[in-house]
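Spelled out from the first residue to the last, the chains are:
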Amino acid sequence: MLWISLVVMLSALRSRHVGVGGNTLRNNTLQRTGCYIRLETPEGFLDSPSYPDSYPPGFDCCYDIARLSSHHCGVKFYAEQLTIVKTPEDGDFCQTDWLSVDSCVPEGGSRFCGNLTGSACSRALRLIFHSSQQNPEDRPDPSVKYRYRLRYQILNDCGGLFQEPAVSDIPGEEGMTCYTRIPDKRGSIHTPFYPEYYSHNLDCVYEFIRPNPFICGIRMRSVEFQLEPSTSTPFGGACADYLQAPGCGFLCGFMNFSWTAVYQPGATGQRFHFHSDEANSHQGFLIAFEQVYHC
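Attention in this report is confined to the structure presented alongside it. Note that the coordinates shown come from a computational prediction; the quantities given were computed from them, not determined experimentally.

Bringing unusual backbone geometry into the picture now. The omega torsion across Tyr51 and Pro52 is 15°, close enough to zero to call that bond cis. Here Pro52 is to be found in the loop between strand E3 (43–47) and strand E4 (60–65). Note the cis peptide between Tyr194 and Pro195, where omega equals 10°. Along the chain, the position of Pro195 falls in the loop between strand E12 (186–190) and strand E13 (203–209). Although it is not a glycine, Asn201 sits at a positive phi angle of roughly 55°. With respect to the helices, strands and loops of the structure, Asn201 is situated in the loop between E12 and E13. Within the chain, Asn280 stands out as a residue other than glycine whose phi angle is a positive 60°. Assignment of secondary structure puts Asn280 in the loop between strand E20 (269–275) and strand E21 (284–292).

What follows is the structure, given as structure tokens:
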């Protein structure tokens, strides 16, 4: 059984139930090459366009799941079926068709394609689906129905599912915890003691505060990024020291990047978590940011 950890804070969005394709839903906002689906029932199904038939080419869909009560803490998903086109050229990064979490960086860490089933518990509020312009007859197996159906349930009890990092103290700085609240529209974040090497056994949280609801995301650019490189395991690469947007991919090693971390609908902030283990310190990171209106 496949478990997917997607940890993005739920927001107090209230919405209408709309849809596309073969669904019997209200307030249809279908556009010719896209769809927007907002779900406000406490449980139900999230289907691909034209389900149960194969989804059509050239579609971009957005699924918003409403938080109906302040007591709701997350969403449980069960993928009854998820068969999304994956070509040999995709490799480990879904580039043709995919279902993803809108707010994750790097985006590739949140894309799903291929043939998957199983369960997941999530605080994600918005999911995005993209299908390429590829002719259905040119798909890897034209006889297969490429489609997905996810059963979802909004949760009142998330005990043990989403562990918030325990913020550590900064060594040598009496009374200072490694937590940074960032209300600014632009600036930079960095590891403790940068450009000197960061300490061992750190857990730091960088919390960006959304200045107003018209800000859509945080544009981030690496000035320097040097963490301990990933270690090879039988299950792929593993990061001992990392920077992570909750529920998304882990960033480690030496990197250069420029991307936008999109706010979930209605969110008032977004957190990033830096962790270092007990060995092999490096210089750390310096990341420039700007809160932007166009994503």
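The final tally for this structure, using the stated rule, is five disulfides. Through a disulfide, Cys35 is tied to Cys61; the S-S separation comes to 1.8 Å. Given an S-S torsion of about 115°, the disulfide between Cys35 and Cys61 has right-handed geometry. Here Cys61 lies in strand E4 and Cys35 lies in strand E2 (residues 34–39), a separation of 26 residues in the sequence. Cys61 carries the same exposure label as Cys35, and that label is buried. Here Cys239 pairs with Cys252 through a disulfide, and the sulfurs are 2.1 Å apart. Sign of the S-S torsion, about -60° for the bond between Cys239 and Cys252, identifies this disulfide as left-handed. Linking Cys239 in the loop between strand E16 (236–238) and strand E17 (242–244) with Cys252 in the loop between strand E18 (250–251) and strand E19 (258–262), this pair joins segments that are 13 residues apart in sequence. We classify Cys252 as buried; its relative accessible area is 13%. Left without a disulfide partner, Cys62 is nearest to the cysteine sulfur of Cys35, which lies 8.6 Å away. The class of Cys62 is buried, set by a relative accessible area of 13%.

Another aspect to go through is the pattern of salt bridges. Side chains that differ in charge, positive against negative, can pair when their charged atoms come close. By the definition in use, this model includes six salt bridges. Taking the shortest distance from any N to any O, the salt bridge between Asp53 and Lys145 comes out at 3.8 Å. You can see Asp53 sitting in the loop between E3 and E4 and its partner Lys145 sitting in the loop between strand E9 (126–130) and strand E10 (147–155), a full 92 residues away along the chain. Given a relative accessible area of 42%, Lys145 falls into the partly exposed group. Notably, a salt bridge pairs Arg271 with Glu207, separated by 3.5 Å at the nearest N-O pair. Placement of the pair is Arg271 in strand E20 and Glu207 in strand E13, with a sequence separation of 64 residues.

Another aspect to go through is the nonpolar core. Ranked by internal contacts, the top residues of the largest apolar core, which has 55 residues, are Tyr63, Tyr148, Ile189, Phe208, Met220, Phe274 and Phe285. Apart from the residues within four sequence positions on either side, Tyr148 is in contact with Leu46, Asp47, Ser48, Pro49, Tyr51, Tyr63, Gln81, Leu82, Ile84, Leu99 and Phe129.

A separate point is the sheet that holds E21. Ordered by their spatial adjacency, four strands build an open sheet running E12-E21-E14-E19, and the pairing between neighbours is antiparallel. Edge positions in the sheet fall to E12 and E19, since each of these pairs with one other strand and no more. The sheet shows a mean angle of 30° between the axes of neighbouring strands, taken without regard to direction. Across five bridges, E12 lies against E21 in antiparallel orientation. By the bridge assignment, Gly187 is partnered in E21 with Phe289.

Turning next to the side chain of His275. For His275, the location among the structural elements is in strand E20. Of the polar contacts made by the side chain of His275, one reaches the side chain of Asp203; its length is 2.9 Å. Excluding residues within four positions of it along the chain, His275 makes contact with Leu202, Asp203, Ala240, Asp241 and Tyr242.

About the cut-offs
- Residues numbered from 1 in each chain as written.
- Predicted model: local features only at pLDDT ≥ 70, side-chain atom pairs only at ≥ 80, totals over all residues.
- Heavy atoms only, no water.
- Helix = DSSP H or I, 4+ residues; strand = E, 2+ residues; numbered from the N terminus.
- Disulfide = S-S within 2.5 Å.
- Buried < 20%, exposed > 50% of the residue type's maximum accessible area, 1.4 Å probe, protein only.
- Salt bridge = Lys/Arg side-chain N within 4 Å of Asp/Glu carboxyl O.
- Core = buried A, V, L, I, M, F, W, Y, C linked by side-chain atoms within 4.5 Å.
- Contact = heavy atoms within 4.5 Å.
- Pairing = 2+ DSSP bridges.
- Axes fitted to C-alpha atoms, helices over the stretch in contact; angles between N-to-C directions.
- Polar contact = N/O pair within 3.5 Å; in protein donor to acceptor, adjacent residues only side chain to side chain.

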